[in-house]
Amino acid sequence: MGTPVNIIVGSHVWAEDPDEAWIDGEVIGIEGRNATIVTTEGKPIVADISNIYPKDSEAPPAGVDDMTKLAYLHEPGVLHNLASRFALNEIYTYTGNILIAVNPFQRLPHLYDIHMMEQYKGAAFGELSPHLFAVADTSYRAMINEQNSQSILVSGESGAGKTETTKMLMRYLAFMGGRSSTEGRTVEQQVLESNPVLEAFGNAKTVKNNNSSRFGKFVEIQFDKHGKISGAAVRTYLLERSRVCQVSDPERNYHCFYMLCAAPPEDVKKFKLGNPRSFHYLNQTNCYEVANVNDAREYLETRNAMDVVGINQDEQDAIFRVVAAILHLGNIEFIKGKEADSSKLKDEKALYHLQTAAELLMCDEKALEDSLCQRVIVTPDGNITKPLDPDLAALNRDALAKTVYSRLFDWIVDKINSSIGQDANATSIIGVLDIYGFESFKINSFEQLCINLTNEKLQQHFNQHVFKMEQEEYKREEINWSYVEFIDNQDVLDLIEKKPGGIIALLDEACMFPKSTHETFAQKMYQTYKGHKRFSKPKLARTDFTINHYAGDVTYQADQFLDKNKDYIVAEHQALLNASKCPFVANLFPLLSEEASKQSKFSSIGTRFKQQLQALMETLSTTEPHYIRCVKPNAVLKPAIFENFNVLNQLRCGGVLEAIRISCAGYPTKRTFDEFFDRFGMLVPDVLDGVDEKSACIAICNRMGLKGYQIGKTKVFLRAGQMAELDARRAEVLANAARRIQRQIRTHLTRKEFIRQRRATTYMQKLWRAQLARKLYEIMRREAASICIQKNARAHTARRNYTNQQASAMVIQTGLRAMAARNEFRYRRRTKAATLIQTQWRGFQAFSAYNKKKQATLTLQCLWRARAARKELRKLRMAARETGALKEAKDKLEKRVEELTWRLEFEKHLRIDLEEAKGQEISKLQNALHEMQVQLEEAHTAIIREKEAAKIAIQQAPPVVKEVPVVDNTKIDLLKNQNEALKGEVTELKKMVEEFEKKYSEAQKENTARLKEAEESFMRMSQLQETIGRLELNLSNLEAENQVLRQQALVATTNEDLFEEMKNLTDKIANLESENEVLRNRPTSIEQVISTERIPQVKSFNNGHQTEEELQATKESVPFVPILTKQRSLTDRQQENHDVLIKCLMEDKRFDKKRPVAACIVYKALLQWRSFEAEKTNIFDRIIHTIRSSMEESISNLAYWLSTTSTLLFLVQSTLKASNTPNGLRSSSFPMGVSSGYSGMVGKPNTHSKVEPKYPALLFKQHLTAYLEKIYGMIRDSLKKEISPFLNLCIQAPRSTRVPSIITRKIFSQVFSFINVQLFNSLLLRRECCSFSNGEYVKAGLQELEQWCLKAKDEFAGSSWDELQHIRQAVGFLVLHQKPQKSLDEITNELCSMLSIPQIYRIGTMFWDDKYGAHGLSPDVIGKMRALMAGDSINMPNNSFLLDVDSRIPFSMEEMSRSLNDINLSCVDPPPLLRQRSDFHFLLQPID
């Protein structure tokens, strides 16, 4: 275990402690053979130098993963290393190629998931952290590569985790060699599911373990030549039969009894069971339940496991019926009978259980009672029936129960083996041995002797394997070595199993004699082994004996050895159960022949077990062994408790310390040249330069005076104690260097103190001078304040006077300005009124002129539009004649539209002529009225002149003449008559004017009504044109859909399973045909409605316009265009154009202004053909098929198809409406510019308006989205597979094919995320990666990536650098200096903010400074993180510290739309193939 040499003052050592086994401390004094030590807790102790061992003070705080790397390989070093790793939840540790597994007593799911299996798959042994997967992978790889069988030996005491370890080993082997079976169940699944079945019937709760295996198990997994599991077999050893009848407190019986009692009510009722407390075999202890175990659920899971391993329902019912019968047998009690030494049933309760047991076993009730209460003795003279007393009857009952249960367990094992099946052609096997560990209790019986015999055998095999490995390493390094002696336990094996003369042989001999007792057997042993060094008799003992095993002395009680060694069955029990009506029970007890019955009269359990053990050892000797030693850290079965004495005892029992002793007998310390040179090169600094490492190591050993060391090819081999001697010399060198450093540091500190005092003096002077300056400043400030006060007082007086004067001046100014403002307001009001009058008058004049010009403009526009419409209509009519009857109906509608247009123009001209005629008549009437008024005025003037002439004549007459009155009334009457006539004419003229005004108003009303009617006709005409276009499009779509549905219906008739679908298709075809017929008849009805309108006959007004007759003559003069007799159908043209477009999509891979030309041309063609509004079309399917076939044929153009698909998806997304709306019809800026459906010969698509998508368009959009994500995923995955060579290609590929920038950035982001996950997970899984030099190396690589991100444009790099945050922070932590000074808050919040506590804890505990030898995190920080992790494991038991690869599609359609918002379809040059065809001339038109 290491020789304690060179223990000096200051050495760190291990000393024995009665509480902790071993305790570490520092030597502070040595007196003779006694050393005074101060422990780490500050407690001084005195110990003998021969009982202390050196401690490696430079060992990592997290321990080493392989204990052969320990500087001092001794008992305290091994114990401390295991305790350190257990505190960090590192439960696995190597000792060479031996794996030590410490049971954590808690779930650690992240250690056993599929991801962890993938990590250890194919990894070299020792490359990753210790794990049982590494042992399983090593055995599997050795079997595949070397074609040799392997074995994995799992050992340990009860509760150490052997069963769980075996399960995990078989899970990994199933993971590596799994293969599906034709029967629906795989071999590996049956092997794994056999564990719950065997645990239910072979495991029980003991003092040390809640699920202790009470039998040994060797699982033999067979593999074919391809390394796949082809078969398996399960071998069991020494089932503890006595537990069926005898259970000590606080243990339990086998699990199956408690499961059956907790079964569903119907099963409990069927088997007549109840509470476990009511059965004798179960109520001998007070323990009925196990913590965290639900027996009812376990019962159902066991049933499911039986189904998997091939046990059918009838066999399952029979198995549990036998188990229930055993429980009822235990409740059968006996009392003394009427005769001497006889017995009978105790009461009615015992009779009930007897009847129930007989019913469950399907045997005769009376025969069962007789077989329990009587014994038949066979003599030469005949059979003699001997009654049994109650005690013997109870023993007979228990023997029957044990025999039945043992036969049942053997049947289950055989059934599992036959169900799984064994491969006779298997090339190799891997055996997993789950064997009980060494046992030593207060009371040790026959079972413990057999168990310890097994462990002695395995320990001998283990010692030979360890010794062989040690010698192989010596040979590999080619050093001179001699044979190493080690303790062989062959004498113990001979003591127990040697024949003759062994304990088992004596026991078989004693069982052969009926009168032998356990006392005679014990006395026989005392006499036979009196002088044996391994055998002893305890004092005052009559039947006890002690055997000195490799793990210590064990005292056995021989009281029940004879009964437990006997295996023969009572003849009455054999006959009774063989005659059972249940075939299952009868099969358990087959009828033996007379010779076989005579030979099987006595069978020894010990001999049979010895034979099985010998067969097991022969199997193991033919395989390459691998060892796993399971250790139970504490006896209370709780996590985070490590009991040193308990672990040490298990290490001794498991042979680990024996293996270390063998190693110490040779060369316990082995160091590679570089490690040895790095550690002890300081001892000989003069040979460091110019010498290779091997020569330097030889020089170091010679300079230090070492004797007996060996130099191998790659390592230095040191004898026990030489490592401590070198460490002592090294400690002296380091102490001298430390003193020298301290001297320099003290000088530095003294100078630093002097400089500090000098600075303090200067600072004091500065403060004093500042105080004087402040006083001077205060005096100056007071003087300035007094001057300021005086200035402000004088200013206040002056300002007050100024304010008063200013107020007076403002009052005067206010009055004057108010008067001037009133005068100005008066003037402006008058000016505004005049301006308003002028504005109203000018506005009236301008409005009148505007109305006249507008009327004239509207008339001119109507004429021009009618002329253009007629020309456009002629073209449409000529183009539409080739569509047949539907086109003829359209021509008729166009004629009616033209007639309506002519009628509108005629009505307008008529209205103008009427207005001119009315104006002429009004002017004539006004002129006549004016002439009459002039004549009337002339008449009045003549009368006045005549009156004046008469007056003048009277005055000029002579005065002597007597005035004679002359009366001449003729002229007066004439004038009166003329006046009356003129008045009559004026009255008639007034009446005529009134009648004319009335007619004018009526004509104006009629004109208004006709104008309104003409406008309505114009609107109806435009609606009819749009209706014609939609009808033609719907007709073509319905015909295509009708044809497709007919083909589907014809195909569907051949399949009887699709009869219902054919019926639905037929109904749909009928509906479409009726709808098609309605659409064909719709134009005829419209024509009839229009034809019913009457066109009035009007006269010709000579106003420059044609009459109806002239117009008709003009129309008849238009030449008729004959219909072409040989024209291609619309469907053929459509199919041909589709073919050309698909060919363009596949061949034309040009880019124009960063736009894929093919995507733009396809989009414009689909938009021109109105494919997005079609109910049925196949162009979308052909486009998707073209993209898919191009991707499958070649992956070199993935970037081109990514660009084309994304651009086409963006254009479709921007065109389709988000939801269907009733106003989804396309609007046209010109009423006659209606598109003609598919042909696209007339009209221009409005690219600024969105269309209402139909189902094919929506399905096309979904397919484009799916293929965009698929192409993106293919590019990303190919980059991940070949990350190194493809990184440069992925930089150039997007530039050459112009992939959208959003996709380029996302590709680089996910690639950098993949780099982050791989590097970070490798850092967490491999300890050699967690070094200072490796951190510097990775940091240099990250700096190169950062330089690339800085040089690359944001269009390519984006946020890629941010994806490396985990590895950047982890590497920053590795290269960080002064880690022990960092607190937990600084680490989690500043240094490693992105890392979780388990990740930081993992890196911190695995870190080792291979460059400067500095320490990692402080123990306080590690303790805090461990406490946080313990709390988190309760809340989140399934958390894992590994990162997952992000495989999702990282962009959405909205991001695509934002990145492609600058796509312009204008000026896209179509290929020559499309430029030559007239149907694609719309691609040459510029888009607004």
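Below, the structure is looked at part by part. (Residues numbered from 1 in each chain as written. Predicted model: local features only at pLDDT ≥ 70, side-chain atom pairs only at ≥ 80, totals over all residues. Heavy atoms only, no water.)

1. Observations concerning the overall build of the protein
- What the protein contains, in helices and strands, is 44 helices and 26 strands.
- Taking all 1488 residues of the protein together, the buried fraction comes to 45%.
- Partitioning the contacts of the protein with sequence separation of at least 6, the portion at a separation of at least 24 is 71%.
- For the protein, the computed accessible surface area is about 80,900 Å², with 53% contributed by carbon and sulfur atoms. (Helix = DSSP H or I, 4+ residues; strand = E, 2+ residues; numbered from the N terminus. Buried < 20%, exposed > 50% of the residue type's maximum accessible area, 1.4 Å probe, protein only. Contact = heavy atoms within 4.5 Å. Areas by Shrake-Rupley, 256 points an atom, 1.4 Å probe, with all protein chains shown as cover.)

2. As for the pairing of strand E6 (residues 92-95)
- Going residue by residue along E6, you find Tyr 92 and Tyr 94 tucked away on one face and Thr 93 and Thr 95 tucked away on the opposite face as well.
- Taken together, E6 and the strand that follows it, strand E7 (residues 98-102), pair antiparallel across an intervening segment of 2 residues, in which Gly 96 is found at a positive phi of about 70°. (Pairing = 2+ DSSP bridges.)

3. Considering the packing of aromatic side chains
- According to the stated counting rule, one finds 31 aromatic pairs in the structure shown.
- Consider the rings of Trp 411 and Phe 584, whose centres lie 4.7 Å apart with planes at 75°: the pair is edge-to-face. You can see Trp 411 sitting in helix H12 (residues 390-420) and its partner Phe 584 sitting in helix H19 (residues 583-588), a full 173 residues away along the chain. As far as burial versus exposure is concerned, Trp 411 and Phe 584 are alike and both buried.
- Sitting over the face of the ring of Trp 14, Lys 55 holds its NZ or CZ atom 5.4 Å from the ring centroid.
- One residue, Lys 1379, lies across the ring of Phe 1373, its end atom 5.7 Å from the ring centre. (Phe/Tyr/Trp six-rings, centres within 6.5 Å; stacked < 30°, edge-to-face > 60°. Lys NZ or Arg CZ within 6 Å of the ring centre and 35° of its normal.)

4. Some points on the sheet that holds strand E18 (residues 535-536)
- Taken in spatial order, the 3 strands line up as E18-E19-E20 in an open sheet, and their pairing is antiparallel. Where the open sheet ends on each side, the last strands, each with one partner, are E18 and strand E20 (552-557).
- Relative to strand E19 (residues 544-549), E18 is paired through 2 bridges, and the arrangement is antiparallel. When the sheet's bridge partners are listed, Ser 536 is paired in E19 with Thr 546.
- The sheet strands contacting helix H14 (residues 490-497) are E18 and E19, and the helix crosses E19 at an angle near 150°. (Axes fitted to C-alpha atoms, helices over the stretch in contact; angles between N-to-C directions.)

5. Re the nonpolar core
- Counting 205 residues, the largest nonpolar core has Phe 201, Phe 257, Ile 628 and Phe 1172 as the members making the most contacts within it.
- Sort the elements by how many residues they give to this core and H12 lands first, with 12 residues. (Core = buried A, V, L, I, M, F, W, Y, C linked by side-chain atoms within 4.5 Å.)

6. Some points on the pattern of salt bridges
- For the structure on display, the rule yields 32 salt bridges.
- Between Asp 398 and Arg 397 there is a salt bridge whose closest N-O contact spans 3.1 Å.
- In this structure, the salt-bridge partner of Glu 753 is Arg 756, at a minimum N-O distance of 2.3 Å. Taken together, the residues Glu 753 and Arg 756, both in helix H26 (residues 722-880) and 3 residues apart, mark about one turn of the helix.
- On the basis of relative accessible area, Glu 753 is assigned to the partly exposed category, the value being 33%.
- Beyond isolated ion pairs, a larger network of salt bridges with shared partners links Arg 214, Glu 240, Arg 243, Glu 251 and Glu 439. (Salt bridge = Lys/Arg side-chain N within 4 Å of Asp/Glu carboxyl O.)

7. Examining the side chain of Arg 252
- Mapped onto the elements, Arg 252 comes out in the loop between strand E12 (229-237) and helix H6 (255-261).
- Among the polar contacts listed, one links the side chain of Arg 252 to the side chain of His 255, at a separation of 3.2 Å. (Polar contact = N/O pair within 3.5 Å; in protein donor to acceptor, adjacent residues only side chain to side chain.)

8. So, the packing of helix H3 (residues 132-146) against helix H4 (residues 162-177)
- Where H3 contacts H4, the two axes come as close as 9 Å, and the packing angle between them is 45°. The orientation of H3 with respect to H4, classified from their angle, is oblique. Of the two possible hands of crossing, H3 and H4 adopt the one that is right-handed. Packed against H3, whose contacting residues are Leu 132, Phe 133, Ala 136, Asp 137, Tyr 140 and Arg 141, the element H4 presents Thr 165, Met 168, Leu 169, Tyr 172, Leu 173, Met 176 and Gly 177 at the interface.
- In terms of residue class, the contact of H3 with H4 is made up of 9 nonpolar, 2 polar and 2 charged. (Parallel < 35°, antiparallel > 145°, perpendicular 65-115°, else oblique. Left-handed = near helix turned anticlockwise from the far one by under 90°. Nonpolar A, V, L, I, M, F, W, Y, C, P; charged D, E, K, R; others polar.)

9. Examining unusual backbone geometry
- That bond from Asp 249 to Pro 250 is cis: its omega, 10°, falls within 30 degrees of zero.
- With respect to the secondary-structure elements, Pro 250 resides in the loop between E12 and H6.
- Residue Pro 500 follows Lys 499 across a cis peptide bond; omega there is -5°.
- Within the secondary structure, Pro 500 sits in the loop between H14 and helix H15 (503-512).
- Positive phi values are uncommon outside glycine, yet Lys 272 reaches one of about 60°.
- Tracing the sequence through the fold places Lys 272 in the loop between helix H7 (265-271) and helix H8 (295-309).

10. So, a positive patch on the surface
- A cluster of like positive charges, contributed by Arg 822, Arg 826, Arg 829 and Arg 830, occupies part of the molecular surface.
- Within the secondary structure, Arg 830 sits in helix H26. (Patch = residues over 30% accessible without salt bridge, like charges linked within 9 Å, V, L, I, M, F, W, Y side chains within 5 Å. Lys, Arg positive; Asp, Glu negative; His and termini not counted. Charge placed at Lys NZ, Arg CZ, Asp CG, Glu CD.)

11. Notes on a negative patch on the surface
- A contiguous patch of negative charge on the surface is contributed by Asp 674, Glu 675, Asp 678, Asp 692, Glu 693 and Asp 1410.
- Among the elements that make up the negative patch, the one with the highest residue count is helix H24 (residues 673-680) (3 residues).
- Structurally, the position occupied by Asp 692 is in the loop between H24 and helix H25 (693-704).
- For Asp 692, a relative accessible area of 44% puts it in the partly exposed group.

12. Comments concerning empty space enclosed by the protein
- For the structure on display, the rule yields 18 cavities of 30 Å³ or more.
- Every residue lining the largest cavity is counted, 18 residues in all, and those nearest its centre are Ser 155, Gly 156, Asn 455, Cys 653 and Gly 654.
- Going through the elements one at a time, strand E8 (150-155), helix H13 (446-477), strand E21 (624-631) and helix H22 (644-653) are the ones with two or more residues in the lining of the largest cavity.
- If one sorts the elements of the lining of the largest cavity by residue count, E21 sits on top with 4 residues.
- Among the residues forming the lining of the largest cavity, the class breakdown is 9 nonpolar, 7 polar and 2 charged. (1 Å grid on protein atoms, 1.4 Å probe; cavity = no way out; pocket = protein on both sides within 12 Å on 5 of 7 lines; lining within 4 Å. Points joined across faces, edges and corners; volume = space filled by probe spheres on them.)

13. Overview of the environment of Asp 1362
- Among the structural elements, Asp 1362 can be located in the loop between helix H38 (1332-1351) and helix H39 (1365-1374).
- Residue Asp 1362 is classed as partly exposed on the basis of its relative accessible area, which comes to 43%.
- Taking the C-alpha atoms as reference points, Asp 1362 and Phe 1312, separated by 50 residues in sequence, lie 8.7 Å from one another.

14. Brief notes about the sheet that holds strand E24 (residues 715-718)
- One open sheet holds the 3 strands; their spatial order is E22-E24-E23, and the pairing between them is antiparallel. Every interior strand has two partners, whereas the edge strands, strand E22 (669-672) and strand E23 (710-711), have only one.
- Relative to E24, E22 is paired through 4 bridges, and the arrangement is antiparallel. Of the residues in E24, the one forming a bridge with Thr 672 is Lys 715.
- Against the sheet, H24 engages E22, E23 and E24, with an angle of about 95° to E22.

15. Here's the deal with H3
- In a regular helix each residue adds 1.5 Å, so 15 residues correspond to 21 Å; H3 covers 21 Å between its end C-alpha atoms and thus fits that length.
- Leu 132, Phe 133, Ala 134, Val 135, Ala 136, Asp 137, Ser 139, Tyr 140, Ala 142 and Met 143 are the residues of H3 that are buried.
- One or two positions beyond H3, positive phi appears at Gln 147, with a value near 55°. (Expected span 1.5 Å × (residues − 1).)

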